[in-house]
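Spelled out from the first residue to the last, the chains are:
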Amino acid sequence: MTAAALLAGALVLAGCGSDDPQGAELSVSSAYMPQPVSDTMAAGFLTIANNGGEQARLTSVTSDIGEVTVHETEGNAMREVDSLAVPAHGKLELSSGGNHLMFEKLKRKPKEGEKVTLELHFTGLSPVDVEIPVKSATYNPDSGN
Ligand code: CU
């Protein structure tokens, strides 16, 4: 390896996390809620990416629209979990058929075209606000409709 290559490597390492004292750098994408069939319950999906060098942990989600819990799916059953990890340099995917957000005791029924506001809470980090669009009841993120 040349001296220039070694220097470049050192710069990359120094840049990693140095401007973020919290160690985790989170960003949310692919968020949506299928328009619920039920008047009282809905599901939500999103991807949380972590570009930082330290794991983050999603501990709770709040929304003005109702109560939100984090669920995981095992086989045909789902159950509430206390928290989910967002691995360092990795991502946590909440997607149809897998982990998801569960909205209950809805104060109003979200309709396609509206937005639902969420606050994601992580251990030791500031909460992250997210606006998620309400899509059709049969929305498929892979096909986009
Ligand atoms: Cu659920």
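Details of the structure are given in the entry above.
Notes on the structure follow. Just so it is clear, the structure is predicted and the values come from calculations on it, not from any experiment.

### Things to note about the nonpolar core
Judged by nonpolar contacts, the single largest core of 28 residues is most densely connected at Leu-101, Phe-103 and Leu-118. The element contributing the most residues to this core is strand E9 (residues 115-122), with four residues. Once you skip the residues sitting within four places of it in the chain, Leu-101 turns out to touch Ala-42, Ala-43, Gly-44, Leu-46, Val-61, Val-68, Thr-69, Val-70, Leu-94 and Leu-118.

### Quick notes on the coordination of the copper ion
Octahedral metal centres with six donors ideally show angles of 90 or 180 degrees, and tetrahedral centres with four donors ideally show 109.5 degrees. In the first shell of the copper ion, the protein supplies His-71 (ND1), Met-78 (SD), His-100 (NE2) and Met-102 (SD), at 2.1 to 2.3 Å from the metal. Coordination at the copper ion is tetrahedral: its four donor atoms span angles of 92 to 124 degrees at the metal. His-100 sits in the buried class, given a relative accessible area of 6%.

### Quick notes on the pattern of salt bridges
Applying the stated criterion to the full structure yields five salt bridges. Of the charged contacts in the structure, one is a salt bridge between Arg-79 and Glu-74, with a shortest N-O distance of 3.8 Å. Classification of Arg-79 as partly exposed rests on a relative accessible area of 46%. Glu-114 is the partner of Arg-108 in a salt bridge, and the nearest nitrogen-oxygen pair spans 3.1 Å. One network of salt bridges, in which partners are shared, links Glu-72, Glu-74 and Arg-79.

### Description of the packing of aromatic side chains
Taken as a whole and judged by the stated rule, the model has two aromatic pairs. An angle of 45 degrees between the planes, with centres 5.3 Å apart, marks the rings of Tyr-32 and Phe-45 as tilted. Placement of the pair is Tyr-32 in strand E1 (residues 26-34) and Phe-45 in strand E2 (residues 42-50), with a sequence separation of 13 residues. Take Tyr-32 and Phe-45: they sit in the same class, and that class is buried. Their ring planes at 70 degrees and their centres at 4.8 Å tell us that Tyr-32 and Tyr-139 sit as a pair that is edge-to-face. Here the residue Tyr-32 occupies a position in strand E1, and Tyr-139 occupies one in the segment after strand E10 (128-135), the gap between them amounting to 107 residues. Taken as a pair, Tyr-32 and Tyr-139 share a single burial class, namely buried.

### Here's the deal with the side chain of Ser-63
Along the chain, Ser-63 falls in strand E3 (residues 56-63). Here Ile-65 takes part through its backbone nitrogen, which lies 3.2 Å from a polar atom of the side chain of Ser-63. At 2.9 Å, the side chain of Ser-63 forms a polar contact with the backbone oxygen of Thr-117. Discounting chain neighbours no more than four positions away, the residues touching Ser-63 are Val-68, Phe-103, Val-116, Thr-117 and Leu-118.

### Brief notes about the pairing of E1
In terms of strand pairing, E1 meets E2 through five bridges, oriented antiparallel. Counted as the bridge partner of Tyr-32 is Phe-45 from E2. Here two bridges tie E1 to E10, and the two strands are oriented parallel to one another. Paired with Pro-34 across the bridge in E10 is Lys-135.

### Re unusual backbone geometry
Phi angles above zero are rare outside glycine, and His-89 is one such case at about 50 degrees. Among the secondary structure elements, His-89 is positioned in the loop between strand E6 (84-86) and strand E7 (90-94). In this structure, Lys-105 is a non-glycine residue whose phi angle is positive, near 50 degrees. As for its position among the elements, Lys-105 is in the loop between strand E8 (100-104) and E9. Looking at Lys-105, the relative accessible area reads 58%, which means it is exposed.

Reading the values: the criteria
Residues numbered from 1 in each chain as written. Predicted model: local features only at pLDDT ≥ 70, side-chain atom pairs only at ≥ 80, totals over all residues. Heavy atoms only, no water. Core = buried A, V, L, I, M, F, W, Y, C linked by side-chain atoms within 4.5 Å. Buried < 20%, exposed > 50% of the residue type's maximum accessible area, 1.4 Å probe, protein only. Helix = DSSP H or I, 4+ residues; strand = E, 2+ residues; numbered from the N terminus. Contact = heavy atoms within 4.5 Å. Donors = N, O, S within 2.8 Å, 3.2 Å for Na, K, Ca; no water. Tetrahedral: all angles 85-135°; square planar, octahedral: opposite > 155°, others 65-115°. Salt bridge = Lys/Arg side-chain N within 4 Å of Asp/Glu carboxyl O. Phe/Tyr/Trp six-rings, centres within 6.5 Å; stacked < 30°, edge-to-face > 60°. Polar contact = N/O pair within 3.5 Å; in protein donor to acceptor, adjacent residues only side chain to side chain. Pairing = 2+ DSSP bridges.

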